[in-house]
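Chain by chain, the residues:
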Amino acid sequence: MALPPLEPDHAVVAHRLESLDELGDAEVDKGFCYVRCASCDFDGWDRTFTAWPGSAYRSPSALVTFVEAQARIEPLRKCPECHEEARLEGLRVFVAANSIDRELVAEYSAKKGRTDFFLMDRAGNVDEAPPDGEALRCACFDSCVRAGLFIAEVTPARRQEAEALFQTVAEARPDRPQAHLALARLAFQSDDSDQALVHAERAAGCADDDVTTATKLGSLFGELAMASSDRGHLDESVRWYMRAMELSPNDRRLDLALARLLIQSGNFTEAVDYLDRAACAQSTTLEARYLQGVMALHEGRVRAAAQLLSELKEDVPGDPSVLHMLAWAAAQCGDRTTAEEALAQAERLATADDDHAYFVELVSEALHGVGEEPAD
């Protein structure tokens, strides 16, 4: 049989496009099998899919080898209609290729005995011209970065494998930031801040005008700043967050991220405007209001902090972080009853015993400092 054409309203394409809109799933390669059943004459997609988050293809030929190996693994599959054995007629593998803003589709046909490539945009439209070598290489290098990130996160023991994938891309694409960013993140997670800075500066030196890259650089330089108390790194972080805001001015998550960094680094005045904007957006208001309470506490405005955190507790009654901070604020106000009630609620909800013990001590000290004695 000939595989059905790739069109936006085809069930497989619709499934893939829907998954691209789901947070956390956009960069997972997926394969879809087409079968023919001799028992009931079913002919089409078998209504299942396979995901390969850890697969990397260092070259187009490696991708072809992978696709055709997958086709050989299960030449017979279950018919979705009668559940008898059905013969595999074809396989389509969708490879996320963000660097070219496309999906690379590798299509294996058992009848033809070969794998062909297509490019599909995010509306499900297939390019008329087949992809050239550069587009194929971009998709393969994207897969290496993506797989390396997955491997490093899920199986830290395979760090060297992830690093090798990132290094392959960095050497092949030294003028693009993605692999340098990944190497910087890997080095930072391994407590090698010096090497992380080397890769971060390389990424910054070739960063494209892209909000994702700017945001990642803002986050990375921010973490380096917090680890080293280096004002230069903090300034670089702010610069990249500001660039991300220019590229995506309505994304309040950027305001929240920058405000969080400024508060963590003690730059409260600089954080106010970003925090106020984040507090007005539904997607970021809860954390922004929490940070407003935290900032008020650190600035010595304890009654304002207690009021802010008390209001937030009503909206998120099951958050031990809010309860801990409310207890500390109330204790500094001399409100022993509120402090101990919040601590008791937090104890029932908290999962980290050490954090709770830390706040118990803080509350005790605060009550003692205002002339109150904590309950036994």
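Residues numbered from 1 in each chain as written. Predicted model: local features only at pLDDT ≥ 70, side-chain atom pairs only at ≥ 80, totals over all residues. Heavy atoms only, no water.

**Brief notes about the overall build of the protein**
- What the protein contains, in helices and strands, is 15 helices and 7 strands.
- The C-alpha atoms of the protein give 26 Å as radius of gyration, which overshoots the globular expectation for 376 residues (21 Å, by more than 25%).
- Expressed as lengths along the three principal axes of its C-alpha atoms, the size of the protein is roughly 85 × 50 × 40 Å.
- For the protein, the residues scored as buried account for 46% of the 376 residues in total.
- Counting contacts in the protein only where the partners sit at least 6 residues apart, residues at least 24 apart contribute 54% of the total.
- Entry remark: accessible area of the protein is about 18,800 Å², with carbon and sulfur atoms responsible for 48%.
- In the protein, which carries 37 positive and 67 negative side-chain charges, the distance between the mean positions of the two groups comes to 6 Å. (Helix = DSSP H or I, 4+ residues; strand = E, 2+ residues; numbered from the N terminus. Rg over C-alpha atoms; globule rule 2.2 N^0.38 Å. Buried < 20%, exposed > 50% of the residue type's maximum accessible area, 1.4 Å probe, protein only. Contact = heavy atoms within 4.5 Å. Areas by Shrake-Rupley, 256 points an atom, 1.4 Å probe, with all protein chains shown as cover. Lys, Arg positive; Asp, Glu negative; His and termini not counted. Charge placed at Lys NZ, Arg CZ, Asp CG, Glu CD.)

**Let's talk about the side chain of Asp29**
- With respect to the helices, strands and loops of the structure, Asp29 is situated in the loop between α1 (11-20) and β1 (30-36).
- At 3.3 Å, the side chain of Asp29 forms a polar contact with the side chain of Tyr57.
- Ignoring anything within four residues of it in the chain, the contact list for Asp29 reads Arg16, Thr50, Ala51, Trp52, Ser55, Tyr57, Phe94, Val95, Ala96, Ser143 and Arg146. (Polar contact = N/O pair within 3.5 Å; in protein donor to acceptor, adjacent residues only side chain to side chain.)

**Digging into the packing of aromatic side chains**
- All chains considered together, the criterion is met by 6 aromatic pairs.
- Both rings, one in Tyr358 and one in Phe359, keep their centres 5.4 Å apart while their planes meet at 80 degrees; by these two values the pair is edge-to-face.
- Among the aromatic residues, those joined into a ring-pair cluster are Phe32, Trp45, Phe49 and Phe94.
- Across the ring face of Phe49, the terminal group of Lys30 is positioned such that the distance to the ring centre comes to 4.3 Å.
- Sitting above the plane of the Trp240 ring, Arg239 keeps its charged end 4.7 Å from the centroid. (Phe/Tyr/Trp six-rings, centres within 6.5 Å; stacked < 30°, edge-to-face > 60°. Lys NZ or Arg CZ within 6 Å of the ring centre and 35° of its normal.)

**A word on the environment of Asp276**
- With respect to the helices and strands, Asp276 occurs in helix α10 (residues 268-279).
- With 221 residues separating them in the primary sequence, Asp276 and Ser55 have C-alpha atoms 42 Å apart.
- At 3.2 Å, the side chain of Asp276 forms a polar contact with the side chain of Gln292.

**Re the nonpolar core**
- Ranked by internal contacts, the top residues of the largest apolar core, which has 37 residues, are Leu217, Phe221, Leu224, Leu258, Ile263 and Leu275.
- Among the secondary structure elements, those contributing two or more residues to this core are α5 (177-189), α6 (193-205), α7 (211-228), α8 (231-247), α9 (252-264), α10 and α11 (285-298).
- Among the elements that make up this core, the one with the highest residue count is α9 (8 residues).
- When near neighbours in sequence (up to four residues on either side) are disregarded, Phe221 contacts Leu197, Ala200, Glu201, Ala204, His233, Glu236, Ser237 and Trp240.
- Formed by 25 residues, the second largest nonpolar core is a distinct cluster that contains Ala306, Ala329, Cys333 and Leu362. (Core = buried A, V, L, I, M, F, W, Y, C linked by side-chain atoms within 4.5 Å.)

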